[in-house]
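The lines below spell out each chain.
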Amino acid sequence: MMLSKLRHCEKACIKLFLGILVCLSCNHLAVANSSDGFTLTQQQEAKVQDAKLTAVMAWHGSSPWVNSVTLGAKEEFKRLGIEVLAVTEAHYDPAKQISDLETLAALTPDILLSLSIDSLSAKPSYLRLSKAGTQLVLLSNPIAGFIHGQDFAGLVGDNVDGMGRAAANLVAQAIDSQGKVGMIYHEADYHITNKRDEAFVDALEQYEDIHLMVKKGFVKKSQTAQLTAAMLIQHPDLKAIYVSWDAAAEGVIESLRIANRKDVKVISHDLGTNNLLDMALHGNMYGAVSDRPHQIGTLMARIGAGAATDVSTPLYTQVNYNSVTFENIAESWRLAFKTPLPHILKSVLEQSQEATGHGEDHDAR
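From a predicted model like this one, the values you see are computed outputs, not experimental measurements.

Moving on, we come to the side chain of H269. Take H269: it is sitting in strand β10 (residues 265-269). Accessibility expressed as a relative area gives 0% for H269, which makes it buried. Within the structure, the side chain of H269 is placed 3.2 Å from the side chain of Y242, a separation counted as a polar contact. Those residues within four positions of H269 in sequence are excluded, and the remaining contacts are M163, G164, A167, R196, Y242, V243, S244, W245, D246 and V289.

In space, the six strands of this open sheet follow the order β8-β7-β9-β10-β11-β13, with mixed pairing throughout. Edge positions in the sheet fall to β8 (210-218) and β13 (322-324), since each of these pairs with one other strand and no more. Across this sheet, the average inter-strand angle for adjacent strands is 20°, counted without regard to direction. In the sheet, strand β11 (residues 285-290) pairs with β13 via three bridges, with the strands oriented antiparallel. In the sheet register, V289 faces β13, and the bridge partner there is S323. Sheet strands in contact with helix α7 (residues 191-204) are β7 (179-186), β8, β9 (238-243) and β10, and its direction is about 165° off that of β7.

The biggest cluster of nonpolar side chains holds 35 residues, and the ones touching the most others in it are I184, I241, V243, V266, I329 and L345. For this core, the secondary-structure elements that each account for two or more residues are β8, α8 (224-234), β9, α9 (246-258), α10 (273-280), β11, α12 (329-337) and α13 (343-356). Ignoring anything within four residues of it in the chain, the contact list for I184 reads K216, F218, T224, L227, T228, M231, I241, Y242, V243, S244 and V252. Formed by 33 residues, the second largest nonpolar core is a distinct cluster that contains L115, V137, L299 and A301.

What counts as what
- Residues numbered from 1 in each chain as written.
- Predicted model: local features only at pLDDT ≥ 70, side-chain atom pairs only at ≥ 80, totals over all residues.
- Heavy atoms only, no water.
- Helix = DSSP H or I, 4+ residues; strand = E, 2+ residues; numbered from the N terminus.
- Buried < 20%, exposed > 50% of the residue type's maximum accessible area, 1.4 Å probe, protein only.
- Polar contact = N/O pair within 3.5 Å; in protein donor to acceptor, adjacent residues only side chain to side chain.
- Contact = heavy atoms within 4.5 Å.
- Pairing = 2+ DSSP bridges.
- Axes fitted to C-alpha atoms, helices over the stretch in contact; angles between N-to-C directions.
- Core = buried A, V, L, I, M, F, W, Y, C linked by side-chain atoms within 4.5 Å.

Next comes the structure, spelled out in structure tokens:
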């Protein structure tokens, strides 16, 4: 009972914290809207390099998205002469993340970059690090009760409301703004996905001829194939399905293939090679909303470096996003990951573009 009350209190505090962030954003106080919004001067960078700082990262899990955040951070740390001592990932297990934080604390790092899985249970571990002098930079999930400039140096995140609205617009685009759609949403208590999903539902209401017929929740991404099969039996006339994120959408597309339902379009968030291959082949995957994981890592590293050398850092920094469809796969991948397209995706996309007579301006890359 006590734990339940604590979690309820934590959620209320987080909502209040995020409300404050919105207010700050509206008043342009201590908020950077992109990587250009927070920079270090040459003198500040020289001070960072002279300080011989060390850094660690404690991530929630592993994925191409997390790998890109890590790469962006490592590249910025290297540019600033900061040594990365260790990178951990917790397999989405709060207990594992606490253990990781205790291990990293023994290294006495100057900077810690992290996304908290369960901020209530991990809060004491983060607090011990910050009180020992480590500059904590958070990704997406705030920690209730933490004071900016004292307990953490800053938070970097997505425009989750904007991404949810963009996903609704992609659904409308995919089905010509009319028809029945389904939704497979993340049922766990997780700020990023919860807010995107909520924003999607709210934005879809503006389309009078689009009807959200069924919503099914999942906790593990392995559940989405079975949920899709059940959804198709109950509502065989669906024209599109929204899914909370890319990896979870793979099961949806697998189920649609088994059912031979090439007509049902899928819209999700983030970029993954498998679903982009399906998109390149004009399969079920119609569109996705992509943020900037590499840019997130760059920003987090820069903010940590600034805070570790007494530079005033922003409370909240927000990265951009864009809608991704067949026409802009390659450019969107470059924006998100700052790497070339995987060879297999590049090959399939080029063949598909030749067959359809559509393509991107490759001179721009």
